[in-house]
Number of protein chains: 4
Amino acid sequence: MTTTAPRIPREKEDDYTADVAERRREFLREQTGAGLEHVGRFSFDPGVLPGNVENYVGVAQVPIGVAGPLRINGEHAQGDFYVPLATTEGTLVASYNRGMRLLSECGGVKTTVVDDQMQRAPAFIFNDALQAREFGQWMDAHCDEIRAAAEATTRSGKLTYIGHYQVGPLRYLRVNYTTGDAAGQNMTGKATLAACEWIKENYPGGAEYVLSGAIDTDKKHSQINMLLTRGKRVVAEAVIKNDVLERLMGVDTKTLYDYRQIGMAGGFLAGSSYNGAHAANGLTGIFIATGQDAANISESHSGITYARLLENGDYYWSVTLTSLIVATYGGGTTLPTQRECLELLGCYGKGKVRKLAEICAATVLAGDTSLTSAILAGHWVTSHERLGRNR
Amino acid sequence: MTTTAPRIPREKEDDYTADVAERRREFLREQTGAGLEHVGRFSFDPGVLPGNVENYVGVAQVPIGVAGPLRINGEHAQGDFYVPLATTEGTLVASYNRGMRLLSECGGVKTTVVDDQMQRAPAFIFNDALQAREFGQWMDAHCDEIRAAAEATTRSGKLTYIGHYQVGPLRYLRVNYTTGDAAGQNMTGKATLAACEWIKENYPGGAEYVLSGAIDTDKKHSQINMLLTRGKRVVAEAVIKNDVLERLMGVDTKTLYDYRQIGMAGGFLAGSSYNGAHAANGLTGIFIATGQDAANISESHSGITYARLLENGDYYWSVTLTSLIVATYGGGTTLPTQRECLELLGCYGKGKVRKLAEICAATVLAGDTSLTSAILAGHWVTSHERLGRNR
Amino acid sequence: MTTTAPRIPREKEDDYTADVAERRREFLREQTGAGLEHVGRFSFDPGVLPGNVENYVGVAQVPIGVAGPLRINGEHAQGDFYVPLATTEGTLVASYNRGMRLLSECGGVKTTVVDDQMQRAPAFIFNDALQAREFGQWMDAHCDEIRAAAEATTRSGKLTYIGHYQVGPLRYLRVNYTTGDAAGQNMTGKATLAACEWIKENYPGGAEYVLSGAIDTDKKHSQINMLLTRGKRVVAEAVIKNDVLERLMGVDTKTLYDYRQIGMAGGFLAGSSYNGAHAANGLTGIFIATGQDAANISESHSGITYARLLENGDYYWSVTLTSLIVATYGGGTTLPTQRECLELLGCYGKGKVRKLAEICAATVLAGDTSLTSAILAGHWVTSHERLGRNR
Amino acid sequence: MTTTAPRIPREKEDDYTADVAERRREFLREQTGAGLEHVGRFSFDPGVLPGNVENYVGVAQVPIGVAGPLRINGEHAQGDFYVPLATTEGTLVASYNRGMRLLSECGGVKTTVVDDQMQRAPAFIFNDALQAREFGQWMDAHCDEIRAAAEATTRSGKLTYIGHYQVGPLRYLRVNYTTGDAAGQNMTGKATLAACEWIKENYPGGAEYVLSGAIDTDKKHSQINMLLTRGKRVVAEAVIKNDVLERLMGVDTKTLYDYRQIGMAGGFLAGSSYNGAHAANGLTGIFIATGQDAANISESHSGITYARLLENGDYYWSVTLTSLIVATYGGGTTLPTQRECLELLGCYGKGKVRKLAEICAATVLAGDTSLTSAILAGHWVTSHERLGRNR
């Protein structure tokens, strides 16, 4: 019953060469018949790849379209931006582009990072609830030592606070950090391991733990993320002028506001992770283009919108992304095309991560205004008919 | 206050040439200073891109690693698979690879698509609740005509059923379809528009609607997806032998089961969208490699695990992805590298979408066994230290 | 370690007499020193109690205040109602009373029962997902026989449909019924047991099940209840005139609508079961007064509000209770004070359950208008200061 | 259209006399024909009722059964308890009684209050997100003054911490308190009003707020309650001996544990507020008997169970109620029958509220063991047939 299919070739000495990649493609050709011609046509030296991938065979070439200019008046992002969106979904770039024009003509988007917390979440395991409660009290009393143990493992990570929540004899921790320009999952993992080991050694009588009690909640949407933030909590807001909206989108602000009431009730009914239109689309486009971990879309797409119909008929529209995970350091950010796209946004280099977060949020707002307007103006389906087919 | 930043160049006649792409990159260079050298080094004719992207400037080159072989004993996927994972996150491929070895040595993964539903979700708007209720009854009585109107717009889409849920004077519909080999969001949008228009014309006294009432829930996780399925509902299951687990992973099944109780409680506490380890990681890797809409990770990562510790010490482990959105037709599936990766899986061509869904689920199970074991064996952080750094 | 505390006295022959109740009180006096004087002063013959309680010792005397008149223009409830609210919370009756006056002066509340489903939810257990899927198909094909088996156990219960949802090798059923004037948990339990036994006998190869797979979700709030209804789904709606609101409540409709946006976002942020003000308060008052199972407040308090600010400045306000569990037959409905309170509402006797559901919803709307206005007019805390203290 | 139905009679001087109550009953008799004989037969002087009810007409007589003895080994509750359950649902007392016997024979229940937080949750409203963020920082820096302002309004309330969470330009506060022996909703409302007024006066430039931003979440279940506690977070835990379980319940621990896996997955699938059996039932019985606000069942029924199958075949079972709202002071606790039932539990008088919380949790655990066993042993339905009918 055991498989006897051959193993993928690897090279002990240096597994990151064009040669080894070709040898693996050749192996896969033999096994599956797939040609992998285009996959093999990458433009860089695989020697840059350690730390990004194993068993490297080549690249996915994901088309990038550019949307913009998008006027952003943020704390960190200021000016007009051209946003690279890596996607294979027709209409997407055009739609975001349209929203960016609307927002820019209305004076631009204000953006603000309002919180910043990355976490690992171990669980400490006791015999009974009383022990677990006492452990919580001890932990609160030894916060500084725990912090020191955690921060000794990292230059840029800072432990902000440890939330702890009890279930039966278990104490679930959520250890929160700021992580500089990195997304920080690895950094916080390492720091939290050190914190846990310190605790284990120093807690009177010892303490048993698992490094993940599942409340991080890494690579998953969750209500805890929405409430307590994961990564950046960032707000984009704009005042949309009724006349510009009518001219560009063919709907008025009153209609937007009426519709909003329906969408809010629908999102609540469905138990949805986001009560706006489609944050995931724009975010995914930026994430793939700029070397973010696109798996974090699972968390990053979540958010809450809030709007006001102003006395003068204009429309205040805000979107709050509660768990936006972005980086300008580490992960895929230094790879060739990815770095170029960060440069396109002025986000490569030290101290740029909040700028990137702001651009992400502004882009989401642009996309939401565009799609929502399209739904209401009745050309949602027709534009997809025109732009969204490749068969 | 209005932006005067220049617009992105477009070519009315044919906007999908290498020339136009270069002109746009040149424009962006001037505006931002970004070189976009590697972005411009794609291996195919941009003439294939209409329907996939607008304002094309080049490609993101996302590294692909291959994991496998993975033995799958599914209905549609049968044999040993080498799975392409496009990622920039070190350790990921190695970790999935390890899980695949475990599962394959234990006899492989059983996979089953248990439901298949793609939807659009308009809302019909009435003056009061009574009207909305009566509308619901009328709709149930005219199901066949509505289906006919919807299906007239598509060759492959079949309307399966219309769920409708009332809030105040609003009747939220969730119109469900099977969509052949396509993911089907566009197809179902078009069909549902036709259905709504038919209803509007034929409902006595007329009916007002918006095409989205937000309960699809497109590009968002939701409880309704988890319950009622979005895309494919697919199960991967395996019986893990205790001795193989101990040999390869350094943990035993009893420890897995004990830990599982903690993770389940943690996921419930956090209000999580998935109570396994990290479905999003493997799915994103496959999605980018094979031309799926990676924004659908927001929905697709959601699921429910269920396990049993067997009398003989072996471990039955299942993962149910409740809203896996995949396609082997449309979207990015025909693009050069994407098609090659589908071919690598034997998933290019007609009638392959459930095979792809099964491979996705099997891959998720492999990744979950690997990460969970790593957490318990204590080498989670250390392997990331070794493999996961690129700074 | 085992307790040697004495057992509570019981009387084998007839355990429902004033004598036995007194003997138990005497026993408790001896054990605990509690006098139980007032508990023992009930006004009826305990012979009516079999089926309602065991180990009877006396009664809780819960104060009833009456609120009203409340004008209801429903399908089943029509006219002016005086609503009995059993409560110990000061301000509650006064606040509901105030809301009822507002709604009545604005022309009354429209009420509509839009769905009606009570359920039991067994889970069928298989070896693998494929078996579970096939079981689902078989079940759909044998709906009529299953219905017949279920309905053979009950005069008033009708099986409406069986929803089934798969997780791994498990098929979770949610068997839905209408249950006449009863709440129906027992009736549906018995009917579903019969259905399951029929299935077990007739499914080729047999089928294993547990009678509850936890998705009923009996005595718990859940998203599935909100979506698919548990008990009655009932809407109360009213158009509130701005001038009446200002005169009686000291707020205007514009303020209500602005505030509503904040409350909706807050409810979404918190992961709340209800996005109105306090459905639970009025419902609990009615439930205790009229012999409903007050434990069902856990489910019944859940709902969704939806509002519109009309062009003329009036305010359309609706509340949809998605899982209101009420009865006018069975449970506590025939007990002396409980029956009297049902009579007060004209809800005692056959065919009155939807009338009661409508009154419940109308009462909730009254309470929500009152509390929301109080919060906005700034006298929320002060009225509690005046009315809500008993120390 | 306006109602002309007569108003309920009130007595300006003293509205809390037997006379006025009779006059109101007489009025209701005339209006509705309901006799209200038994409602009028209360055993106490209505002069005790100010602060508990308005428009008093009489009482609901809710039958009380007693379950026990229940051996509790808590911090505050120690000994054997006889628990009064006010209910009209047959089987309930018998079922809890059975579970109490099981637990007591196994050595009793350990109980621990692990957190204690009551809250009001205003929202502060700004023009943009930046202002809201700065407000949050200011608030953190002025915690002591805010606390002082809040605590000046109350003798027993202590402000523990202020959580704040941003959405767009809104800063949602959740102001947390311990509230002595009271449930504390009024106390915290008053204190939070004072805190908000202090903030409004002292925040540079002033600050606008509403006293409720809906994240308390008063009288509603919510994920925020489950995570961050509302009222008491209390754990009940017991080790159930396999042989006692088999003898008394007819099931073994292995079956319990297997079934638990199904129930956990079901609860997750359904989006449930509790993953145990039926906390609401026992809690409601105690709440009504002891003068708690039974509307709080909406929040109090929520919780998380966690279990372990021990090496020796015994079964560790814990239930964590995350938002149990109880009081031994204020509300209905001083009313005649209610006080007697508190006395029965030894919970009347100063400093008893945690004892009551522990008894509640222990009772819930007893009920869950009993119902779960009944489901598995197959006599769930039949016992309801025997005990649960009153028609």
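Heads up: these notes are all about the structure in this document. Note that the coordinates shown come from a computational prediction; the quantities given were computed from them, not determined experimentally. Along each chain, numbering runs from 1 in the same order as the chain's sequence is written. As a convention, the first chain written is A and the first ligand written is 1, with the rest following in written order. Only residues with pLDDT of at least 70 are given local features in this predicted model, and only at 80 or more are side-chain atom pairs given and counted; all residues enter the totals for whole chains, interfaces and linings. The basis for every side-chain value is the complete set of heavy atoms in the structure, and neither hydrogens nor water enter the calculation.

### Some thoughts on the overall build of chain A
Short version of the rule: Put simply, DSSP marks the helices as runs of H or I at least four residues long and the strands as runs of E at least two long, and each gets a number from the N terminus on. Restricting the calculation to C-alpha atoms gives the radius of gyration, and the globule rule supplies 2.2 Å times the number of residues raised to the power 0.38. Exposure categories follow from relative accessible area, calculated using a 1.4 Å probe and restricted to protein chains: below 20% of the type maximum is buried, above 50% is exposed, and the middle band is partly exposed. Here, two residues are considered to be in contact whenever any of their heavy atoms come within 4.5 Å of each other. The method behind every accessible area is Shrake-Rupley, applied with a 1.4 Å probe, and residues are considered shielded solely by the protein chains displayed. Just so you know, the count uses Lys and Arg for positive and Asp and Glu for negative, and it drops His and the chain ends. Every charge is mapped onto a representative atom, which is NZ of Lys, CZ of Arg, CG of Asp or CD of Glu.
Within chain A, the regular secondary structure consists of 13 helices and ten strands. Its C-alpha atoms give chain A a radius of gyration of 24 Å, within 12% of the compact-globule value 21 Å for 391 residues. Buried positions account for 72% of the 391 residues belonging to chain A. Considering only intrachain contacts with a sequence separation of at least 6, the fraction spanning at least 24 residues in chain A is 72%. Only carbon and sulfur atoms are counted for the fraction: they give 47% of the accessible area of chain A, which is about 11,200 Å². Positive and negative side-chain charges in chain A, numbering 39 and 43 respectively, have mean positions lying 2 Å apart.

### A short note on the relation of the copies chain B and chain A
Stated formally: When the copies are superposed, the least-squares fit takes in the C-alpha atoms of residues with a pLDDT of at least 70 in both.
In the superposition of chain B on chain A (RMSD 0.0 Å, axial shift 0.0 Å), the rotation amounts to 180 degrees. Interpreted geometrically, this transformation is the action of a two-fold axis. Interface overlap between copies: 100% of the residues of chain B at the interface are likewise at the interface in chain A, consistent with a symmetric, same-surface contact.

### Topic: unusual backbone geometry
Residue T217 of chain A is bonded to the preceding D216 of chain A through a cis peptide linkage, with omega at -10 degrees. Of note, T217 of chain A is situated in the loop between β7 (208-210) and α6 (223-228). Of note, the amide linkage connecting G68 of chain C to P69 of chain C takes the cis form, showing an omega dihedral of 0 degrees. Structurally, the position occupied by P69 of chain C is in strand β1 (residues 56-74). Although it is not a glycine, A214 of chain A adopts a positive phi angle of roughly 80 degrees.

### A look at the interface of chain C and chain B
Threshold: Computed with a 1.4 Å rolling probe, the buried area is the accessible surface lost when two parts are put together, summed over both parts. Counted as salt bridges are all cases of a side-chain nitrogen of Lys or Arg within 4 Å of a carboxyl oxygen of Asp or Glu.
In this assembly, 31 residues from chain C lie in contact with 31 residues from chain B. Between chain C and chain B, the buried area comes to about 2,600 Å², and carbon and sulfur atoms account for 62% of it. Applying the counting criterion to the chain C and chain B interface returns four salt bridges. One salt bridge in this structure joins K110 of chain B and D128 of chain C, with 2.9 Å as the shortest N-O distance. At the level of elements, β3 (109-120), α3 (129-141), β5 (158-167), α6 (223-228), β8 (231-240), β9 (303-309) and β10 (315-324) of chain C are the ones that each hand at least two residues to the side of chain C that touches chain B.

### Some points on the relation of the copies chain C and chain B
Screw-axis analysis of chain C against chain B gives a translation of 0.0 Å along the axis, an RMSD of 0.0 Å, and a rotation angle of 180 degrees. A high fraction, 100%, of the interface residues of chain C reappear at the interface in chain B, so the copies pair face to face through one surface.

### With respect to the pairing of strand β3 (residues 109-120) of chain B
Residues and elements named next belong to chain B. For the record, the criterion: Paired strands, as defined in this entry, are two strands with at least two bridges between them according to DSSP.
With respect to burial, β3 is a largely interior element, ten of its twelve residues being buried. Sheet analysis places strand β1 (residues 56-74) next to β3, joined by three bridges and oriented parallel. Opposite G74, over in β3, you have T111 as the bridge partner. Both β3 and strand β8 (residues 231-240) contribute to a ladder of seven bridges, which runs antiparallel. Its bridge partner lying in β8, T112 is registered against V235. Both β3 and strand β6 (residues 170-178) contribute to a ladder of three bridges, which runs antiparallel. If you follow Q119 over to β6, its bridge partner there is N176.

### Considerations on the state of the cysteines
What counts here: Only a pair of cysteine sulfur atoms within 2.5 Å counts as a disulfide in this structure description.
One pass over the full model with this rule turns up zero disulfides over all chains. Looking at C196 of chain B, it has no disulfide partner, and the nearest cysteine sulfur is the one in C143 of chain B, 13 Å off. Looking at C196 of chain B, the relative accessible area reads 2%, which means it is buried. Here C360 of chain D stays free of any disulfide, with the sulfur of C347 of chain D as its closest cysteine sulfur at 8.3 Å. Assessed through its relative accessible area of 1%, C360 of chain D is described here as buried.

### Focus on the environment of Y96 of chain C
All names here are of chain C. Relative to the helices and strands, Y96 resides in helix α2 (residues 92-105). Taking C-alpha positions, Y96 is 5.8 Å from A366, a pair spaced 270 residues apart along the chain. Discounting residues that sit within four places of it in the chain, Y96 has contacts with A67, L85, H278, A279, N281, G282, T363, V364, A366 and G367.

### Description of the packing of aromatic side chains
Where we set the bar: Pairing of aromatic side chains requires ring centres within 6.5 Å, counting the rings of Phe and Tyr and the six-membered ring of Trp. Pairs whose planes differ by under 30 degrees are stacked, by over 60 edge-to-face, and all others tilted. As a reminder, the over-ring test applies to NZ of lysine and CZ of arginine, requiring each to be within 6 Å of the ring centre and within 35 degrees of the ring normal.
If you walk through the whole model with that rule in mind, you get 58 aromatic pairs over all chains. On the basis of an interplanar angle of 65 degrees and a centroid distance of 6.4 Å, the ring pair of Y306 of chain B and Y316 of chain B is categorised as edge-to-face. Highlighted residues: Y306 of chain B in strand β9 (residues 303-309) and Y316 of chain B in strand β10 (residues 315-324), separated in sequence by ten residues. Exposure remark for Y316 of chain B: the relative accessible area of 6% places this residue in the buried category. When the ring of W138 of chain D is compared with that of W198 of chain D, the centres are 5.9 Å apart and the planes differ by 25 degrees; the resulting orientation is stacked. In this pair, W138 of chain D is assigned in helix α3 (residues 129-141) and W198 of chain D in helix α5 (residues 185-202), connecting sequence segments 60 residues apart. By way of ring pairs, the aromatic residues F124, F126, F135, W138, W198, Y203 and Y209 of chain A are connected into one cluster. Over the face of the ring belonging to Y316 of chain B we find R308 of chain B, whose NZ or CZ atom lies 5.3 Å from the ring centre.

### A short note on helix α7 (residues 242-249) of chain B
Residue and element names in this part refer to chain B. Here is the rule we go by: Read the arc as the range of directions from the helix axis to the C-beta atoms.
Along α7, the positions that sit buried rather than exposed are V244, L245, L248 and M249. One side of α7 carries all its buried residues, which in axial view fall inside an arc of 100 degrees. Those residues of α7 that are exposed and angled more than 90 degrees off the buried face are D243 and R247. On its buried face, α7 is in contact with α2 (92-105), β8, α8 (253-270) and α12 (353-377). At the C-terminal side of α7, G250 shows a positive phi close to 75 degrees.

### Structural notes on the pattern of salt bridges
Counting across every chain of the model gives 88 salt bridges over all chains. For R101 of chain C, the salt bridge is made with E105 of chain C, and the minimal N-O distance between the two is 3.1 Å. Here R101 of chain C and its partner E105 of chain C are both found in helix α2, four residues apart, which amounts to about one turn of the helix. Residue R101 of chain C is classed as partly exposed on the basis of its relative accessible area, which comes to 34%. Taking the relative accessible area as the measure of exposure, E105 of chain C reaches 19% and is therefore buried. When the shortest N-O distance is used, the salt bridge between D116 of chain D and K232 of chain D registers 3.1 Å. Placement of D116 of chain D in strand β3 (residues 109-120) and of K232 of chain D in strand β8 (residues 231-240) is noted, with a sequence separation of 116 residues between them. K232 of chain D carries the same exposure label as D116 of chain D, and that label is buried. Look at the salt bridges and you will find they share partners, linking R120, D216, D218, R230 and E299 of chain A into a network.

### Side note on the interface of chain B and chain A
For the record, the criterion: Any N or O atom pair separated by 3.5 Å or less is treated as a polar contact, with the protein-specific requirement of one donor-capable and one acceptor-capable atom, and with residues adjacent in sequence counted only for side-chain atom pairs. Under the convention adopted here, Pro, Cys and the residues Ala, Val, Leu, Ile, Met, Phe, Trp and Tyr are nonpolar, Asp, Glu, Lys and Arg are charged, and Gly plus all remaining residues are polar.
Chain B puts 140 residues into the contact, and the matching count from chain A is 140 residues. Where chain B packs against chain A, one counts zero salt bridges. Across the contact surface, chain B and chain A share 58 residue pairs in polar contact (both at pLDDT 80 or more). Here the side of chain B that touches chain A gets 15 residues from one element, more than from any other, and that element is β1 of chain B. Grouping the constituent residues of the side of chain B that touches chain A by class yields 68 nonpolar, 52 polar and 20 charged. Taken together, the nine bridges between strand β1 (residues 56-74) of chain A and β1 of chain B define a ladder with antiparallel strand orientation. Looking across to β1 of chain B, one finds that P63 of chain A is bridged to V59 of chain B.

### Section: the side chain of T305 of chain A
Residue and element names in this part refer to chain A. You can see T305 is positioned in strand β9 (residues 303-309). What makes T305 buried here is its relative accessible area of 2%. A polar contact of 2.8 Å, which involves the side chain of T305, links it to the side chain of R260. Not counting the four nearest positions on each side in its chain, T305 is found in contact with R260, M264, Y274, N275, G276, S318, V319 and D368.

### A short note on the packing of helix α9 (residues 279-290) of chain D against helix α11 (residues 336-344) of chain D
All names here are of chain D. As a reminder of what qualifies: Comment: axis = line fitted to C-alpha atoms, over the contacting stretch for helices; angle = value between 0 and 180 degrees taken between N-to-C directions. Any angle that falls under 35 degrees is termed roughly parallel, while one over 145 is termed roughly antiparallel, one within 65 to 115 roughly perpendicular, and all others oblique.
Packing of α9 against α11 leaves a shortest axis separation of 7 Å and a crossing angle of 120 degrees. With respect to α11, the element α9 is oriented oblique. Contacts between α9 and α11 involve I288, A289 and T290 from the first element and T337, Q338, C341 and L342 from the second.

Spatial relationships are all this shows, so hold off on functional conclusions.
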